[in-house]
Each structure stands twice: as structure tokens, then as C-alpha cells.
Amino acid sequence: EIMPCTDLSPADVTAMGFDPATKEDSNISGDVHTHGCSWSNADVIVGLVATDGTVALYNDPKKFVNVRLLTVAGLPAVSTQIPDSTDVGGIDTGGCYVVADIPGGGALGVAVTRRARAADPHADPCVAAVRFMGLAAPILLKR
């Protein structure tokens, strides 16, 4: 079983551009169960989770915004936009969620939220999410 919080070493997290000391749990249970962690830097907050929410679940333009099918690290994946949140006083704005199906079932999810004080608050968070997934997936899948 993939354990995002411990399978990525502090050195891995640093190499991806995040401070390991910013780690926070991001576990959700509900219709879709996820377990993982988030890290942050000046521009974005990135959450990495193991999830039972698969590409098929998120490949639904009626439920999700700007759905795009892609391949990340050789895995079938989908990206969807996370709408801007209005309930946090405008501190952190919208983002992107990328889900990649992994061999043996289940999926990896990467959520990137832009920070309002980012150098470029309008940068496409899906670019960052796909990049992070591309770096993290090979590490997680070989452990």
C-alpha cells in the first residue's frame, strides 16, 4: 500500500521544491477515501494522496470543471479544476486536481492550490500538479 506521507522522504520533498517541515495530514473520508499529506511553498500548496477515486470517477464533465485526460509518468490520468474558494478570505485561491490510476487498483491524487501571495497568482495550477505527479509517482510506485 502506498503511504504518501512516509514514502516520500524529506529529501524527495525538498527536491520537489517544498519544505518537509510544512507537512500536514490531508485525509478525507466520505464518498471517496483518501489518505496523504500536503506541503507548501511560497506559490502553492500541494497535497498528495492515495485514493480510491479513479480516473473514471473524475472523467465526468457534468460534475467536474475543465476535465482533461492525460498520461503522467506512464499512468492514465485526468485533471480537473478546483473552483476558487470564497470561504477563506481570499487567502488561497483555486487549483487543480490530478488523479492517476495505479497498477493493482486505486489511484494517486495530487491537488495543487495557488496561494494568493504567489509570485504569479494566475499560473496554471494543473501544470504544477502534473509536474509533481510526474516526480512523485515513480518514487511511490517503486517503494
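So, a few notes on the structure that sits alongside this text. Just so you know, these numbers come straight off a predicted model, no measurement behind them.

Computed from the structure, the second largest pocket encloses a volume of approximately 250 Å³. Of all elements in the fold, only β3 (44-51), β7 (107-115) and α4 (125-142) reach the threshold of two or more residues within the lining of the second largest pocket. For the lining of the second largest pocket, the element with the most residues is α4, which contributes 5 residues. Looking at side-chain class alone, the lining of the second largest pocket contains 12 nonpolar, 1 polar and 5 charged residues.

For the coordinates displayed, the defined rule picks out 2 disulfides. Cys5 shares a disulfide with Cys37; S-S distance 2.0 Å. The chirality of the disulfide connecting Cys5 with Cys37 is right-handed, given an S-S dihedral of about 110°. Here Cys5 is found in helix α1 (residues 4-7), whereas its partner Cys37 is found in strand β2 (residues 34-40), with 32 residues between them in sequence. A relative accessible area of 18% places Cys5 in the buried class.

Here the focus is the environment of Leu140. Structurally, Leu140 can be placed in helix α4. A residue is classified by how much of its surface remains accessible, and Leu140, at 0% relative accessible area, is buried. Expressed as a C-alpha distance, the spacing of Leu140 and Ile2, which sit 138 residues apart in the sequence, is 6.5 Å. When residues no more than four places from it in sequence are discounted, the contact partners of Leu140 are Ile2, Pro4, Asp7, Leu8, Leu48 and Leu108.

Take the environment of Ala50 next. Of note, Ala50 is situated in strand β3. A sequence separation of 13 residues divides Ala50 from Cys37, and the C-alpha atoms of the two residues are 9.6 Å apart. In contact with Ala50, not counting residues within four places along its chain, are Ile2, Pro4, His33, Thr34, His35 and Ala107.

Moving on: the environment of Asp19. Here Asp19 is to be found in the loop between α2 (10-15) and β1 (24-25). On the accessibility criterion, Asp19 (40% relative accessible area) is partly exposed. Separated by 20 residues in the primary sequence, Asp19 and Trp39 place their C-alpha atoms 6.9 Å from one another. Asp19 has contacts with Val13, Trp39 and Ser40, leaving out every residue within four places of it along the chain. A distance of 2.8 Å separates a polar side-chain atom of Asp19 from the backbone nitrogen of Ala21.

Generally speaking, soluble globular proteins have nonpolar side chains that are buried together. Counting 29 residues, the largest nonpolar core has Leu8, Phe18, Trp39, Leu48, Val110, Phe132 and Met133 as its most contacted members. The set of elements that each furnish at least two residues to this core consists of β2, β3, β5 (75-82), β6 (92-101), β7 and α4. Core analysis: the second largest hydrophobic core is formed by 8 residues, Val55, Val78, Tyr97 and Val99 among them.

Okay, the side chain of Arg115 next. Position of Arg115 among the secondary structure elements: in strand β7. Given the relative accessible area of 12%, Arg115 is considered buried. A polar atom in the side chain of Arg115 sits 3.1 Å from the backbone oxygen of Asn41.

Reading the values: rules and limits
Numbers given for residues are sequential positions, taken from 1 along each chain in its written order. Reporting of local features is limited, given that this is a predicted model, to residues whose pLDDT is at least 70; pairs of side-chain atoms are given and counted only at 80 or more, and all residues count toward the totals for whole chains, interfaces and linings. Here the side-chain values reflect all heavy atoms present in the structure, with hydrogen atoms and water set aside. Here a cavity is any set of points on a 1 Å grid over the protein atoms alone where a 1.4 Å probe fits but cannot get out, and a pocket is any open set with protein on both sides within 12 Å along at least 5 of 7 lines; a residue lines the site when it has an atom within 4 Å of a point. Grid points are joined across faces, edges and corners, and a volume is the space filled by probe spheres set on the points. Each helix corresponds to a stretch of at least 4 residues labelled H or I by DSSP, and each strand to a stretch of at least 2 residues labelled E; elements are numbered beginning at the N terminus. Each residue gets one of three labels, nonpolar for Ala, Val, Leu, Ile, Met, Phe, Trp, Tyr, Cys and Pro, charged for Asp, Glu, Lys and Arg, and polar for the others, Gly among them. Two cysteine sulfurs form what is called a disulfide whenever their separation falls within 2.5 Å. When a residue's accessible area, from a 1.4 Å probe over protein chains only, is under 20% of the maximum for its type it is buried; when over 50% it is exposed; and in between it is partly exposed. Note on definitions: a residue-residue contact is assigned when non-hydrogen atoms from the two residues lie within 4.5 Å. Pairing of N or O atoms within 3.5 Å defines a polar contact, subject to two protein rules: one partner must be a possible hydrogen donor and the other a possible acceptor, and residues neighboring in sequence count only if both atoms are side-chain atoms. Each nonpolar core is a collection of buried residues, namely Ala, Val, Leu, Ile, Met, Phe, Trp, Tyr and Cys, held together in the definition by side-chain atoms within 4.5 Å.

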